[in-house]
Amino acid sequence: MQQSGVTVWFTGLSGAGKTTICRDVEQKLLEQGDKVEVLDGDIVRQNLTKGLSFSKKDRDENIRRIGFVAQLLTRNGVIVLVAAISPYRDIRNEVRQKIGNFIEVYVNTPLDVCEQRDVKGLYKKARSGEIKNFTGVNDPYEPPIDPEVECKTDHENLDESVSKVLKAILEVRNNYRRAKIIVNNHA
């Protein structure tokens, strides 16, 4: 049976652990022989959305473009792992509606913990005024209201977070298989 596509959208503050969890999930899925593609926010900004600013309008456009690529891959049977801050709830919901097979993963890590993990020094620059519109400091982050998965990286280890995500993917794929069997039996 053909693999069902799904987009797994990791959202949370910078330093929350989105990419770390995403890459571990990717590795586990690849080991199972799944078709997987990762769309990391930082890498996408260097290529697909180069030139966009960090204004709300441009952030929304960034997420729309990531969502468009994720939609194409998902409909072609790929498990798409998106790791992007995506701070605004409305645009995340817009992308969810367009993609359909969508799992929102809220990497819920307190701001102070994210600042302690700040390997790029971005929070320090935002606090000093060098970076404007930095999510969590001088630009809002709107947490998901009802995500399919919530990972609290300040309370759980990586394996626990990854396990939650893999379980959600398995549930979506099982629901897809059941729906496909029902359709085929009625054809």
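Residues numbered from 1 in each chain as written. Predicted model: local features only at pLDDT ≥ 70, side-chain atom pairs only at ≥ 80, totals over all residues. Heavy atoms only, no water.

Draft legend 1. Fine view of the environment of Val 69. Following the sequence through the fold, Val 69 ends up in helix α3 (residues 56–75). Val 69 sits 30 residues away from Ile 99 along the chain, and the two C-alpha atoms are 9.8 Å apart. Those residues in contact with Val 69, other than ones at most four positions away along the chain, are Leu 39 and Leu 48. (Helix = DSSP H or I, 4+ residues; strand = E, 2+ residues; numbered from the N terminus. Contact = heavy atoms within 4.5 Å.)

Draft legend 2. Geometry of the UniProt feature "active site" (unreviewed entry) in the chain. In this structure's numbering, the residues bearing the UniProt feature "active site" (unreviewed entry) are Ser 86. Mapped onto the elements, Ser 86 comes out in the loop between β3 (79–83) and α4 (89–99). We classify Ser 86 as buried; its relative accessible area is 2%. Apart from residues no more than four positions distant in its own chain, Ser 86 is found in contact with Trp 9, Thr 11, Ile 63, Arg 92 and Tyr 141. Here the side chain of Ser 86 touches Ala 84 through a polar contact of 2.8 Å, landing on its backbone oxygen. (UniProt positions renumbered as here; feature names shortened; annotations may be inferred. Buried < 20%, exposed > 50% of the residue type's maximum accessible area, 1.4 Å probe, protein only. Polar contact = N/O pair within 3.5 Å; in protein donor to acceptor, adjacent residues only side chain to side chain.)

Draft legend 3. Expanded view of the nonpolar core. In this structure, Phe 10, Leu 81 and Val 165 are the most contacted members of the largest nonpolar core, which totals 30 residues. Among the elements that take part in this core, helix α7 (residues 158–185) stands out by supplying five residues, more than any other. Those residues in contact with Val 165 that sit more than four places away from it in its chain are Val 8, Phe 10, Ile 21, Val 25, Val 105, Val 149 and Cys 151. Core analysis: the second largest hydrophobic core is formed by 15 residues, Trp 9, Leu 39, Val 78 and Ile 99 among them. (Core = buried A, V, L, I, M, F, W, Y, C linked by side-chain atoms within 4.5 Å.)

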